[in-house]
Amino acid sequence: IMENASGVTVLTLSGLSFTLEQRISLFLVTLLWYLMILWGNVALIVTVIMDKNLHEPMYIFVCNLCVNALYGTIGFYPKFLLDLVSSHVISYAGCMLQGYVIHSSVCNDFSILALMSYDRYLAICRPLVYNSVMTKQRISIFVFFSWLIPLYCMFMNTATLLGSRLCGSHINRLYCVNWMIVRLACSPPIANTAVAYFNILFFFGHCVFIFWSYLSVIKICISSKEKQVKFMQTCLPHLVSLLTFMTAILLDVLYIRFGSADVSQNLNNFMSIEFLLVPPMVNPLVYGFRLTKLRNRILNLNRILHVSLFFQV
């Protein structure tokens, strides 16, 4: 086990076998990408918060999806940028925290996407009960539990690893994940295995619910042109977001299953971080440009900012 000068246990990460010039170039590209993620998600969040006309279930859920993108990416990008200009190591406590933030962010995405699918199911399949179900109070409760349950589930997963004695210090990944800590543990905790399988089944249930909701919506829309238009306007962005996220998670699972020395390091790296690269960038673009009401508000906000800057000059 490695320890620093202060006696703190440190773990080494992998995947950054680049020259100094390559590290500098990657640092600049990553920083630019991260700033674009921040700008896109913050712009959408601020637009929804400031405009009371957007305080509707669909936009509130989209806003929470963007907040979660900021939460998840802050668990990766600052540390990754630091690793590009320094040593690629992390403390044991830091590793546990990073794994928790990234894991819980993924689970939050599942919960919020499930809420969004339920919202579209009610709006299109059961429009007469939509307003009675999607009240402000219930929306607040839905959003609260869509954050609380994933955070609690991943807290339990992480808590069962605390205090585990490690028999290794090398993590074959760009960032920390809990299952890597389990593999390093001298004797993997049984409680962690039980909690991990429960979480997998629980959020797999989210996936089943999401696909069932959209299949129901598609069946209804096939027989009605009016609902087809509504589907294209409001459900299509959700499906793009869902497919982007599911593809990213699938690539990460494939990396865990098949990532090896036979695959190039660059491909391994991309497969492991694709869900931190694409969905946080794609979501604000898809919702910002596809949802007409939201797009118009963002454009109006930009015009106001440009006018105010013009008069200041």
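Residues numbered from 1 in each chain as written. Predicted model: local features only at pLDDT ≥ 70, side-chain atom pairs only at ≥ 80, totals over all residues. Heavy atoms only, no water.

Inclusion rule: UniProt positions are given in the numbering used here, feature names are shortened, and annotations may be inferred rather than shown by experiment.
By the naming in an unreviewed UniProt entry, the protein chain is G-protein coupled receptors family 1 profile domain-containing protein, taken from Amphiprion ocellaris. Check the Subcellular location (unreviewed entry) section of the UniProt entry for the protein chain; it says "Cell membrane".

Quick notes on the overall build of the protein chain
Rules: Where helices and strands are cited, they refer to DSSP runs of H or I of at least four residues and of E of at least two residues respectively, numbered from the N terminus. Only protein chains enter the accessibility calculation, which uses a 1.4 Å probe; a residue is then buried when its area is under 20% of its type maximum, exposed when over 50%, and partly exposed in between. The contact criterion used throughout is that any non-hydrogen atoms of two residues lie within 4.5 Å. Each accessible area is a Shrake-Rupley estimate made with a 1.4 Å probe; only the visible protein chains count as cover when residues are assessed.
The helix and strand tally for the protein chain stands at 12 helices and four strands. Expressed as a percentage of its 313 residues, the buried residues of the protein chain come to 48%. Partitioning the contacts of the protein chain with sequence separation of at least 6, the portion at a separation of at least 24 is 78%. Accessible surface computed for the protein chain: about 16400 Å², of which carbon and sulfur atoms make up 70%.

Points about the state of the cysteines
Put simply, the test is: The definition used for a disulfide is geometric: two cysteine sulfur atoms within 2.5 Å.
Overall, the coordinates contain two disulfides when judged by the stated rule. Paired through a disulfide, Cys95 and Cys176 show a sulfur-sulfur distance of 2.0 Å. A torsion of -115° about the S-S bond marks the disulfide between Cys95 and Cys176 as left-handed. Residue Cys95 is located in helix 4 (residues 92–125), and its partner Cys176 is located in the loop between strand 4 (170–171) and helix 7 (178–184); the two are separated by 81 residues in the primary sequence. Considered together, Cys95 and Cys176 belong to a single accessibility category, that of buried residues. Across the disulfide, Cys167 is cross-linked to Cys186 (sulfur-sulfur distance 1.7 Å).

Digging into the packing of aromatic side chains
Rules: Pairing of aromatic rings covers Phe, Tyr and Trp, the last through its six-membered ring, and needs centres within 6.5 Å; plane angles under 30 degrees mean stacked, over 60 mean edge-to-face, and all others mean tilted.
In total, this model carries 15 aromatic pairs according to the counting rule given. Geometrically, the ring pair formed by Phe76 and Tyr175 is edge-to-face, given 5.7 Å between the ring centres and 80° between the ring planes. Here the residue Phe76 occupies a position in the loop between helix 2 (57–74) and helix 3 (77–85), and Tyr175 occupies one in the loop between strand 4 and helix 7, the gap between them amounting to 99 residues. Summarising the burial analysis for this pair, Phe76 and Tyr175 share the class buried. Within the aromatic cluster, the residues linked to one another by ring pairs are Tyr34, Phe76, Tyr77, Phe80, Tyr175 and Phe275.

Regarding the UniProt feature "transmembrane region" (unreviewed entry) in the protein chain
Feature annotation in UniProt places "transmembrane region" (unreviewed entry) on residues 24–46, 58–77, 97–118, 139–159, 194–215, 236–258 and 270–289, given in this structure's numbering. Between the C-alpha atoms that bound residues 24–46 there is a distance of 32 Å. The span itself is 100% helix and 0% strand. Along residues 194–215, the helical share is 100% and the strand share 0%, with 32 Å between the first and last C-alpha atoms.

What to know about the nonpolar core
Short version of the rule: For our purposes a nonpolar core is just a set of buried Ala, Val, Leu, Ile, Met, Phe, Trp, Tyr and Cys residues, chained together by side-chain atoms within 4.5 Å.
Leu11, Ile171, Tyr175 and Ile181 are the most contacted members of the largest nonpolar core, which totals 80 residues. Broken down by element, the residue count for this core peaks at 19 residues, all from helix 4.

Some remarks on helix 8 (residues 190–222)
Cut-off, in case you're wondering: Here the expected length of a helix is defined as 1.5 Å per residue gap, with one fewer gap than residues.
Taking 1.5 Å per residue, 33 residues should reach 48 Å; helix 8 reaches 49 Å between its end C-alpha atoms and fits that length. Listing the buried residues of helix 8 in full gives Asn192, Val195, Asn199, Phe203, His206, Cys207, Ile210, Ser213, Tyr214, Ser216, Val217 and Cys221.

Re the pattern of salt bridges
Formally: Salt bridges, as used here, are contacts in which a Lys or Arg side-chain nitrogen is within 4 Å of a carboxyl oxygen on Asp or Glu.
Applying the stated criterion across every chain, the model contains two salt bridges. Residue Lys79 pairs with Asp83 through a salt bridge whose shortest N-O separation is 2.4 Å. Residue Lys79 and its partner Asp83 are located together in helix 3, separated by four residues, close to a single helical turn. For the pair formed by Lys79 and Asp83, the shared burial category is buried. One salt bridge in this structure joins Asp119 and Arg120, with 2.8 Å as the shortest N-O distance. We note that Asp119, like Arg120, is buried.

Examining the pairing of strand 2 (residues 9–13)
For clarity, the cut-off: Two strands are said to pair when DSSP picks up at least two bridges between them.
The element strand 2 is extensively covered by neighbouring structure, given that four of its five residues are classed as buried. Pairing of strand 2 with strand 4, which is carried by two bridges, proceeds in the parallel orientation. Opposite Thr12, over in strand 4, you have His170 as the bridge partner.

Description of the side chain of Gln98
In this structure, Gln98 sits in helix 4. Overall, Gln98 belongs to the buried group, its relative accessible area being 6%.

A look at the packing of helix 6 (residues 136–159) against helix 8
For clarity, the threshold we go by: Each axis is a line fitted through C-alpha atoms, and for a helix only the stretch in contact is used; angles between axes span 0 to 180 degrees, taken between their N-to-C directions. Comment on the angle field: the value is read as roughly parallel under 35 degrees, roughly antiparallel over 145, roughly perpendicular from 65 to 115, and oblique elsewhere. Handedness of a helix crossing follows the sense of rotation of the near helix relative to the far helix, less than a right angle counterclockwise being left-handed and clockwise being right-handed. Side-chain classes follow a simple rule in which Ala, Val, Leu, Ile, Met, Phe, Trp, Tyr, Cys and Pro form the nonpolar group, Asp, Glu, Lys and Arg form the charged group, and the remainder, Gly included, forms the polar group.
Relative to each other, helix 6 and helix 8 sit at 155°, their axes nearing to 9 Å. One element, helix 6, and the other, helix 8, form an angle in the roughly antiparallel class. Here the hand of the crossing between helix 6 and helix 8 comes out left-handed. Touching Ile149, Pro150, Cys153, Met154, Met156 and Asn157 of helix 6 are Asn192, Val195, Ala196, Asn199, Phe202 and Phe203, all from helix 8. Residue composition of the contact of helix 6 with helix 8, by class: nine nonpolar, three polar and no charged.

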